[in-house]
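Listed below, chain by chain, are the residues.
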Protein chains: 2
Amino acid sequence: MAKEKGFVTEITPQSEDFSRWYIDVIKKAELMDYSPVRGCIVFRPEGYELWENIQRDLDRRFKETGHRNAYFPLFIPESFFQKEKEHVEGFNPELPWVTEAAGEPLEERLAVRPTSETMFGHMYAKWIQSYRDLPVLINQWANVVRWEKRTLPFLRTSEFLWQEGHTAHETEQEAREETMRMLHVYRDFVQDFLAIPVIMGQKTPSEKFAGAVDTYSIEAMMKDGRAVQAGTSHYLGTNFAVAFDIKFLDRENQLQFTHTTSWGVSTRLIGALIMVHGDDRGLALPPKVAPTQAIMIPIGPPKTRDVVMPRVDELFAQLKQAGVRVRVDDRSDVSPGWKFNEYEMRGVPLRIEIGPRDCENGQAVLVSRISGEKRIVQQANLVEEVERMLEEIHNDMFERAKQFREDNFRSLDTLDEMKAFLEEKRGFVEAGWCGSAACEKTVKEETGATSRNIPFEPTSHKSTCLVCGEKAAHTVAFARAY
Amino acid sequence: MAKEKGFVTEITPQSEDFSRWYIDVIKKAELMDYSPVRGCIVFRPEGYELWENIQRDLDRRFKETGHRNAYFPLFIPESFFQKEKEHVEGFNPELPWVTEAAGEPLEERLAVRPTSETMFGHMYAKWIQSYRDLPVLINQWANVVRWEKRTLPFLRTSEFLWQEGHTAHETEQEAREETMRMLHVYRDFVQDFLAIPVIMGQKTPSEKFAGAVDTYSIEAMMKDGRAVQAGTSHYLGTNFAVAFDIKFLDRENQLQFTHTTSWGVSTRLIGALIMVHGDDRGLALPPKVAPTQAIMIPIGPPKTRDVVMPRVDELFAQLKQAGVRVRVDDRSDVSPGWKFNEYEMRGVPLRIEIGPRDCENGQAVLVSRISGEKRIVQQANLVEEVERMLEEIHNDMFERAKQFREDNFRSLDTLDEMKAFLEEKRGFVEAGWCGSAACEKTVKEETGATSRNIPFEPTSHKSTCLVCGEKAAHTVAFARAY
């Protein structure tokens, strides 16, 4: 990798060094930059716009399922963390503390929120009196901080952006339904919008959220075979209700604790979509999340500009009118070839080339970023052709990601098989598990892989534990994870 | 004011106690609640949705003027503040400090950002090399913290939400044009979207932003005659460029410092719109920002429900289809009268009543929240009638606010006149000022009023200073301010 003045000039091939490839791509495409604060990045406009697009679509899905947004304080009093035992044990090692303000020490230290179950719990206890106040369905878009030892842009940063939904319900059943509803919202969103196939399932006890009764996740496979947890949804039982005294008078006039849930996705989705779709030429952005869906590049010698540009402007206006996020690069100081490389590196899903010959024939050339397929289409049908090809590119990306996952996925029976597989290539392993934390730990120590989740739909149901050989309680998906 | 279990049951009249009225209204309408963290509030869904609507419209205006969003770190190293002398003096007294994280003391204390000129400056120095990299036009939506001594929900809270634009330019002229462009964006937005008339002008040196060369503001008058600074735009000169070494090679290949700007509005706009438009019945929300623009209430005895409801549902669908934010309250356990009061208190701009007689006649009744005007309209034209009346309500609200401001505004010549006016009633005073900080201070000490700004278009140009009687350098708008 050659570097000059901090700018990446060449992208390291994935096969040579995947981590280096990742950093090269996100820097060269100007998605982020390192900040002077340990583990915190700057989301540059090209990267932040991915998050804006994710937000817009997810927010719509949250509102369609009856949720409203709110905003709760950044700071959480230390005493709040003490109220839920598992929660404090889980988060204490990662908390940054505000100890002084305006020149004076604080009476009580304030944590910068790593998540907000405690603050929501405190407020819900004030707002909820009766079953008539339930359910409470609130989401928050916010920044959170977890002082991580090892960080990686987007995938694990000390400060990150996310949404956290917090809901309170009359009954366990309703709360469990909500937990699953939001898990499905995440699954649908990640597959339909980001073109990332995921494995939906339940976390094992050792991997569940600190304070949850049950945690569910969707897990995606990166191009290096490692897993990224792309979203989680938690049934919290009455744990936080008891800790924060969230009680209500039920329909029989009895005081009950509410059942609560929480669920979240974060800016790590940006890291996931880069690692799932990118290639040696750079980013490859699924059309629905891409800031620029189509780039129009006029072709041909300077003297033909007068013929080509008016047509380009006209077609640009039509596409924009139709809601396509399209841009024109009509610079004359760089060659079309240079532009082709540039927008491929930036992951723009579709290129539209228009030259003088195309104008004579009333044609345009569409080129897919992902497959390289070239398609000659009629200018008269350009909007429909572009819309169709963008949809095909989305499907193509999803299918390629799914095929890659299948190619790097094994359903195995023993730890030795798993070790052999993971030595040969990285990937996911599905295997039986007896349910003991000891066997789970053995897998981790011997292979570096952790249990990702207990898939709702395993490819096969295993009968014995891959470690101890005893009866399997579950079939588990294992992988090394980010 | 009667209270029960923390719920406000009656609203204190504005004339009795304006501050109490404000708190009663925002609590009863469930816009906010106090949090357990000093000076921080919870933005409840009804309040947060106002901010979402503000964001959506402002964000569009920012993008139309060529800006893109990004996200910069929450934490700012202590050393950054030391680099710009006025900046550190201005903000140091209000900073909260993170001193430990993950169980260990930090090597360098981190401030929780009160504003981000320093962090943007640091990053811009990395990104900007040549005039070809300019201008850089970035905005950020974020939370910021200023540890305020006296707080008031929305108007002055320790943590608040805002946007901060930070731009870098080749020349002073371009940066000054940007500064004014964004001031005008704010003026247009606040007047066109929030129906709040504002006075646009330049801050005096004592009131300008810590680190700015020139600060401009828009100032609004609340119903108690006090001012709220509704938006500010700063020309920062090369102050932050010098402090953070933001240099570029200009067109003559010479190294130059960039000229930078910053500009922001915050959630205090929510406080302003409540205090400008609200009345003794509660909130009054301008239609463009109102979460619910129209509330449909079926009228008449239960037996007529079968006639009325299908028609209500049909009209509701038409309005929703047309993009009106409309809701139906078809509860049968509360009376129409109770609903009228409820939605008036919540500030819904337009009420639509439909009863059996209306259905017979193909009519509906529209009632304005702000004037109480009742209008009988044809159901066949309901969409147009509703859209027209919402627009009229917006104009009505703007005109009322403007009239109120004119009624409580005086162009005066001496401090004695000003004192007499402010004893009689609260309001804004326009007067001549010699330009000395001493005279400005005298005004503040004697009247409690501060210079709000030097209006671009004063009602008259004053020739003498209201304090010392010397030649006036400027005509200034003074007011007590939130």
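Residues numbered from 1 in each chain as written. Chains lettered and ligands numbered in written order. Predicted model: local features only at pLDDT ≥ 70, side-chain atom pairs only at ≥ 80, totals over all residues. Heavy atoms only, no water.

## Notes on the confidence of the model for chain A
Working step 1: On average, residues of chain A score 95 in pLDDT, and 98% of them are at 70 or above.
Working step 2: Ignoring residues within four places in sequence, the model shows residues 1-6 of chain A, a span with pLDDT below 50, making 14 contacts including any to other chains. (pLDDT = per-residue confidence, 0-100. Contact = heavy atoms within 4.5 Å.)

## Observations regarding the relation of the copies chain B and chain A
Working step 1: When chain B is fitted to chain A, the residual RMSD is 0.0 Å, and the transformation amounts to a turn of 180° plus an axial shift of 0.0 Å. A rotation of that kind, with that shift, is consistent with a two-fold axis. Relative to the rotation axis, the C-alpha of B:Val98 is the closest in chain B, positioned 2.1 Å from it.
Working step 2: Most of the interface of chain B is mirrored in chain A, where 100% of its interface residues again form contacts. (Least-squares fit on C-alpha atoms with pLDDT ≥ 70 in both.)

## Focus: the packing of aromatic side chains
Working step 1: With the rule as written, the count across this model stands at 37 aromatic pairs over all chains.
Working step 2: Between A:Trp147 and B:Phe75 the ring centres are 6.0 Å apart and the planes differ by 65°, which places this aromatic pair in the edge-to-face class. Of this pair, A:Trp147 sits in the loop between strand 9 (136-145) and strand 10 (159-169) while B:Phe75 sits in strand 6 (residues 75-77), placing the two residues on different chains. Taken as a pair, A:Trp147 and B:Phe75 share a single burial class, namely buried.
Working step 3: Centre to centre, the rings of A:Tyr186 and A:Trp263 are 6.4 Å apart; their planes meet at 65°, and the pair counts as edge-to-face. Pair noted here: A:Tyr186 is in helix 6 (residues 172-192) and A:Trp263 is in strand 16 (residues 259-266), with a separation of 77 residues, a long-range link. Of the two residues, A:Tyr186 and A:Trp263, both sit in the buried class.
Working step 4: The structure contains a cluster of three or more aromatic residues connected by ring pairs, namely A:Trp51, A:Phe62, A:Trp141, A:Tyr186 and A:Trp263. (Phe/Tyr/Trp six-rings, centres within 6.5 Å; stacked < 30°, edge-to-face > 60°. Helix = DSSP H or I, 4+ residues; strand = E, 2+ residues; numbered from the N terminus. Buried < 20%, exposed > 50% of the residue type's maximum accessible area, 1.4 Å probe, protein only.)

## Observations concerning unusual backbone geometry
Working step 1: In this structure, A:Pro135 follows A:Leu134 across a cis peptide bond, with omega equal to -5°.
Working step 2: By the element assignment, A:Pro135 lies in the loop between helix 5 (117-127) and strand 9.
Working step 3: Phi is positive for A:Phe154, close to 70°, though the residue is something other than glycine.
Working step 4: Residue classification places A:Phe154 among the buried positions, given a relative accessible area of 1%.
Working step 5: Within the chain, B:Ala102 stands out as a residue other than glycine whose phi angle is a positive 50°.
Working step 6: Along the chain, B:Ala102 falls in the loop between strand 7 (96-101) and strand 8 (104-112).

## Quick word on the UniProt feature "domain: Aminoacyl-transfer RNA synthetases class-II family profile" (unreviewed entry) in chain A
Working step 1: Residues given the UniProt feature "domain: Aminoacyl-transfer RNA synthetases class-II family profile" (unreviewed entry) here are residues 38-286 of chain A.
Working step 2: Each end of residues 38-286 of chain A is marked by a C-alpha atom, and these two atoms are 31 Å apart; helix forms 32% of the span and strand 32%. (UniProt positions renumbered as here; feature names shortened; annotations may be inferred.)

## Notes on the interface of chain B and chain A
Working step 1: On the chain A side, the residues contacting the 55 residues of chain B number 55 residues.
Working step 2: Here chain B and chain A share an interface that buries about 4,700 Å² over both sides, 62% of which is from carbon and sulfur atoms.
Working step 3: Among the residues chain B hides against chain A, the three largest losses belong to B:Arg68, B:Tyr71 and B:Trp127. Together they make up 14% of the total.
Working step 4: Linking chain B to chain A there are ten salt bridges.
Working step 5: B:Arg68 is the partner of A:Glu46 in a salt bridge, and the nearest nitrogen-oxygen pair spans 2.9 Å.
Working step 6: In terms of residue count, helix 2 (residues 45-64) of chain B provides more of the side of chain B that touches chain A than any other element does, seven residues in total. (Buried area = accessible area lost by both parts, 1.4 Å probe. Salt bridge = Lys/Arg side-chain N within 4 Å of Asp/Glu carboxyl O.)

## Looking at the pattern of salt bridges
Working step 1: Evaluation of the coordinates by the stated rule reveals 80 salt bridges over all chains.
Working step 2: In this structure, A:Asp396 engages A:Arg400 in a salt bridge whose closest nitrogen and oxygen atoms are separated by 2.9 Å. A residue pair is termed a helical-turn pair when its members lie 3 or 4 positions apart in one helix, as A:Asp396 and A:Arg400 do in helix 12 (residues 382-407) at four residues.
Working step 3: Residue A:Asp396 is classed as partly exposed on the basis of its relative accessible area of 23%.
Working step 4: One salt bridge in this structure joins B:Lys63 and B:Asp59, with 2.8 Å as the shortest N-O distance. On the criterion of helical spacing, the pair formed by B:Lys63 and B:Asp59 is a turn pair, its members being four residues apart in helix 2.
Working step 5: The exposure class assigned to B:Lys63 is partly exposed, which follows from its relative accessible area of 36%.
Working step 6: According to the relative accessible area criterion, B:Asp59 is buried, its value standing at 13%.
Working step 7: A network of salt bridges, in which partner residues are shared, links A:Asp279, A:Arg281, A:Glu344, A:Arg351, A:Glu353 and A:Arg369.

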